[in-house]
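# Structural characterization, general
Below are the chains, spelled out letter by letter.
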Amino acid sequence: MKYLCFIVSLAIVTAQSYVGVEAASSNGFVSRNGVQFILNGKPFYANGFNAYWLAYEATDPATRFMITNVFQNATSHGLTIARTWGFRDGALYRALQTAPGSYDEQTFQVLDFVIAEAKRVGIKLIIPLVNNWDDYGGKKTIQTHLLNSSTSTTSRVNTFTKVAYKDEPAIMAWQLMNEPRCGSDRSGKTLMAWINEMAPYVKSVDPNHLLSTGHEGFYGDSSPQRKNTLNPVSANRVGADFIANHNIDAIDFASMHCGTDLWLPKLNQNSRLEFIRRWLQGHIEDAQNILKKPLILAEFGLGTDTPGYTLANRDAVFTTTYDIIYASAQKGGPAVGALFWELISDGMSNFAGPSSIILSDKSSTVNIISEQSRKLGLIGGK
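Residues take numbers from 1 onward in each chain, read along the sequence in its written order. Reporting in this predicted model follows two pLDDT cut-offs: at least 70 for local features of residues, and 80 or more for side-chain atom pairs to be given and counted; totals over whole chains, interfaces and linings ignore these cut-offs and use all residues. For the side-chain quantities, the full set of heavy atoms in the structure was used; hydrogens and water were omitted.

### Some details on the sheet that holds strand 4 (residues 47-50)
For the record, the criterion: Pairing between strands is defined by DSSP: at least two bridges between the two strands are required. Secondary structure is summarised from DSSP: a helix means a run of H or I of at least four residues, a strand means a run of E of at least two, and numbering begins at the N terminus for each. Note on method: axes are straight lines fitted to C-alpha atoms, helices fitted across the in-contact stretch only, with angles between N-to-C directions ranging 0 to 180 degrees. Any pair of residues with heavy atoms lying within 4.5 Å of one another is described as a contacting pair.
Here eight strands make up an open sheet; going across it, the order is 10-9-8-5-4-13-12-11 and the pairing parallel. Edge strands, defined here as strands with exactly one partner in the open sheet, are strand 10 (210-212) and strand 11 (254-258). Adjacent strand axes in the sheet meet at a mean angle of 25°, parallel and antiparallel pairs treated alike. Direction of pairing for strand 11 relative to strand 12 (residues 295-300): parallel, over a ladder of five bridges. Following the sheet pairing, Met256 is matched in strand 12 by Leu297. Sitting on the sheet, helix 10 (residues 269-291) is in contact with strand 11, strand 12 and strand 13 (335-340), with an inclination near 175° to strand 11.

Written out as structure tokens, the structure is:
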């Protein structure tokens, strides 16, 4: 457990400073009041996106403009939350953490740049601190690196804004891990113990920011009916528990994903949409009645490699998802917003994946995204 405490403290800490940029005037901290988020005294409902690649792509000065472009394009379509990786560990090209407790300052300054640009245009960032998967280091690499390490650290100061990460309102929230799982303990006790240790630790070193788990939303033994009726069968082997993992004081909001194209790729379109409805409604009900916390759908989409894919099918996935989120938000409910996977910029063919969306394509899906942003913005009082 302790090695992951170390990575979190180092992801939030260390110190340097250089040139500054001005903050957006409305860039307050996002806080929580019951099942709602609050920004500048008003309920905060927002549409958003995933762009895991931001800090990686910005390490090359020749491609750094893509971060600026994607943020500007996002805000022009009303998107105000971005989820991006805060990790890149091990013997990797452009690694952030290169050895136990050793960070590459040049790469760290790239993350500084991403935060500064988000702040400049008014985008809020959700940053997972660790990856469950081997990509970009993963939890196995972190364990190898940090078993014999110790923590000696001060709050990192952004080299562009001159604001410490822990004092930066452009950061909306941390997530403990991207898609936390523990398949070696299907009872869920190991993952629960880790969250019980980690979450209070993160809040102790950074009480200013919201915190969530990075969960996919899989139910566990604390809610057997949901586990049996909502979970994809494969989810019962991952040692996660949506209710128990979020039902502690140090976790401020619930996180979930909806990956029907990955979890249930053989579903026909009607069955896929029905799963999405039941999956989202179940989690919204539980966020409202059991957890009494806000809920963010942190990943969803439909890949072009899904059997039977059509643009119309993708549009239907987005419309169905957005309609359910909006219905909750309109009533002051816990569903705060949905972050589609994934947004890329023009000229990023090297990062293009089956679910990638380029806003300048002006596809029907992009129109659906913009309309959801407009509707949620009206609820939030923009």
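### Concerning the nonpolar core
Put simply, the rule reads: For our purposes a nonpolar core is just a set of buried Ala, Val, Leu, Ile, Met, Phe, Trp, Tyr and Cys residues, chained together by side-chain atoms within 4.5 Å. Note on exposure labels: buried denotes an accessible area under 20% of the residue type's maximum, exposed denotes more than 50%, and partly exposed covers the range between, all computed with a 1.4 Å probe on protein chains only.
Counting 89 residues, the largest nonpolar core has Phe49, Trp53, Phe71, Leu176, Trp279, Phe300 and Phe340 as its most contacted members. Other than its neighbours up to four places away in sequence, Leu176 contacts Leu129, Val130, Trp194, Ile195, Met198, Ala199, Val202, Leu211, Ser212, Thr213 and Ile251. Leu39, Phe44, Ile126 and Ala298 belong to the second-largest nonpolar core, a separate cluster that totals 15 residues.

### Some words on the confidence of the model for the chain
Threshold: Confidence scores labelled pLDDT are given residue by residue by the predictor and lie between 0 and 100.
Put simply, the chain has an average pLDDT of 87, and 85% of its residues get 70 or more. Of the regions scoring below 50 in pLDDT, residues 1-26 engages in 91 contacts with residues more than four places distant in sequence or in other chains. Within the model, the stretch residues 142-151 combines pLDDT values under 50 with 23 contacts to residues more than four positions away or in other chains.

### Quick word on the pattern of salt bridges
This is how it is decided: Each salt bridge in this description consists of a side-chain nitrogen of Lys or Arg and a carboxyl oxygen of Asp or Glu lying within 4 Å of one another.
Evaluated as defined, the whole model comprises 13 salt bridges. One salt bridge in this structure joins Arg156 and Glu105, with 3.1 Å as the shortest N-O distance. Taken together, the positions of Arg156 in the loop between helix 5 (138-146) and strand 9 (171-175) and Glu105 in helix 4 (residues 105-121) put the pair 51 residues apart, joining distant regions of the chain. Classification of Arg156 as buried rests on a relative accessible area of 0%. Relative accessible area serves as the criterion here: at 24%, Glu105 is assigned to the partly exposed category. The residue Arg156 makes a salt bridge to Asp112 at a minimum N-O spacing of 2.7 Å. Residue Arg156 is found in the loop between helix 5 and strand 9, and its partner Asp112 is found in helix 4; the two are separated by 44 residues along the sequence. By the burial criterion, Arg156 is buried, and Asp112 matches it. When salt bridges with common partners are traced through the structure, they connect Glu105, Asp112 and Arg156 into a single cluster.

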